[in-house]
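# Inside the fold
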Amino acid sequence: CGNASYITIADIVLGGVSWWMAASRDSATEADFTTRPLFPELTAKVNDVAALEIATQKDLFRIERGAAPDQWTMPSRDNYPVRADLVRKNILGIAALETVEPRTDKPEHYDLLQVSEPDQYKPADEAAKVDAGPILVRLANDKSEAMAAVIVGKIKSYPVGGMPGQYHLRKPSEARAWLAKGALELPANPVQWLVKDTIKIDRERVAEVTVTHPDGKVLKLVRAPAKPDSSSVDFLPAELPKGMKTTSQYDVNAVAGALAFLTFDNVAKAEGKDFSKATVV
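My aim in this report is to walk through the structure given alongside it, one point at a time. What you see is a predicted model; the values in this text were computed from it and never measured.

## Quick look at the pairing of strand β10 (residues 177–182)
By the criterion of burial, β10 is predominantly enclosed, with five of the six residues buried. Where strand β6 (residues 98–102) meets β10, four bridges bridge the pair, whose relative direction is antiparallel. From the neighbouring strand, Glu98 faces β10, where its bridge partner is Lys181. Sheet topology note: the strand β9 (residues 165–170)/β10 ladder contains six bridges and is antiparallel. Paired with Leu169 across the bridge in β10 is Trp178. As consecutive antiparallel partners, β9 and β10 are separated by six residues.

Given below as structure tokens:
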């Protein structure tokens, strides 16, 4: 009975491997796996890229070149600045992609490699549901003419120590999927492309804090006298009613450090927004 159980398990494992191999390499007609550029003419034209259009399962957004050569903005976020280093990395990364091995050319297997069109993608299993899924990137010039388009799917390995990563991908215009190597960093969330450095004021630089609440009440904190043999910077209420004391020095200090690591989940122009009931720090 013990031997029979091991045989059954082996059959299941081998069957799973065969299924994956079939999805990965079915109908592959090329026996020569010599690496080749995915977009052989793009490298010479990377400076002509004026826009990136990115589609995921949840979002469709566009990144456009600004007035300055290395300035990029996102129209759907009121032209808020985009990280130029991230745009540059992905434009050069797409231009440098090289095919390693051919994969499936059958649409019914695209979801396994996450190379379906993003709006048609269905996760193949529970594990795939936590992945970003397929990310479609289109590069265009200043005349809105298409320069390149690729669907980046399941990642086999990430770039490490100067070595390229490996990605499953497919050109939207072609049936064949590929395993390719290169260096990409494609956030699926559009906000992750934005310049997220806003206000960063370390608590140790703060002398006093004034918090004005919508109802007009004001809390003022001041830096506490330095303690001997301590590098800690603490704060106290400027006016503390007699007989009262703070219950948590940590909470008081947190108010003074509120602007030390300020970031955002979304962004838009302040025009037309009602700040009449805002708390001012």
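## Description of helix α2 (residues 84–95)
If you check α2, its first and last C-alpha atoms are 17 Å apart, about what twelve residues at 1.5 Å a residue would give, namely 16 Å. Those residues of α2 that fall on the buried side of the exposure criterion are Ala84, Leu86, Val87, Asn90, Ile91, Gly93, Ile94 and Ala95. Where α2 is buried, its residues touch β2 (51–55), β3 (60–65), β4 (72–74), β5 (80–82), β7 (135–140) and β8 (146–157).

## Overview of the nonpolar core
If you look at the biggest cluster of nonpolar residues, it comprises 36 residues, and the most contacted ones within it are Ile63 and Trp193. The element that contributes the greatest number of residues to this core is α2, accounting for six residues. Setting aside its immediate chain neighbours within four residues, Ile63 contacts Ala50, Ala51, Leu52, Ile54, Trp72, Thr73, Met74, Val82, Val87 and Trp193. Within the second largest apolar cluster, eight residues are counted, among which are Val206, Val209, Leu221 and Phe235.

## So, a nonpolar patch on the surface
A grouping of Ile155, Tyr158 and Val160 is seen on the molecular surface, where their side chains present a nonpolar patch of about 320 Å² in accessible area. Tracing the chain through its elements places Ile155 in strand β8.

## Points about the pattern of salt bridges
Scanning the model with the defined rule gives 14 salt bridges in all. The residue Asp131 makes a salt bridge to Lys154 at a minimum N-O spacing of 3.8 Å. Linking Asp131 in the loop between α3 (110–113) and β7 with Lys154 in strand β8, this pair joins segments that are 23 residues apart in sequence. A residue is classified by how much of its surface remains accessible, and Lys154, at 30% relative accessible area, is partly exposed. A salt bridge links Lys227 to Asp234; its shortest N-O distance comes to 3.3 Å. For Lys227, a relative accessible area of 49% corresponds to the partly exposed category. A single network of salt bridges, built from pairs that share partners, joins Glu53, Arg62 and Glu64.

## What about the sheet that holds β5?
A sheet is described by the order of its strands in space; here ten strands give the open sequence β1-β6-β10-β9-β8-β7-β2-β3-β4-β5, paired in antiparallel fashion. Edge positions in the sheet fall to β1 (36–37) and β5, since each has one partner strand and no second. Inspection of the sheet shows β3 paired to β4 by two bridges, in the antiparallel sense. The partner of Arg65 across the bridge, within β4, is Trp72. Of the strands in this sheet, β2, β3, β4, β5, β7 and β8 are in contact with α2, which crosses β4 at around 100°.

Analysis parameters
Residues numbered from 1 in each chain as written. Predicted model: local features only at pLDDT ≥ 70, side-chain atom pairs only at ≥ 80, totals over all residues. Heavy atoms only, no water. Buried < 20%, exposed > 50% of the residue type's maximum accessible area, 1.4 Å probe, protein only. Helix = DSSP H or I, 4+ residues; strand = E, 2+ residues; numbered from the N terminus. Pairing = 2+ DSSP bridges. Expected span 1.5 Å × (residues − 1). Contact = heavy atoms within 4.5 Å. Core = buried A, V, L, I, M, F, W, Y, C linked by side-chain atoms within 4.5 Å. Patch = residues over 30% accessible without salt bridge, like charges linked within 9 Å, V, L, I, M, F, W, Y side chains within 5 Å. Areas by Shrake-Rupley, 256 points an atom, 1.4 Å probe, with all protein chains shown as cover. Salt bridge = Lys/Arg side-chain N within 4 Å of Asp/Glu carboxyl O. Axes fitted to C-alpha atoms, helices over the stretch in contact; angles between N-to-C directions.

Purely geometric numbers; function is a separate question.
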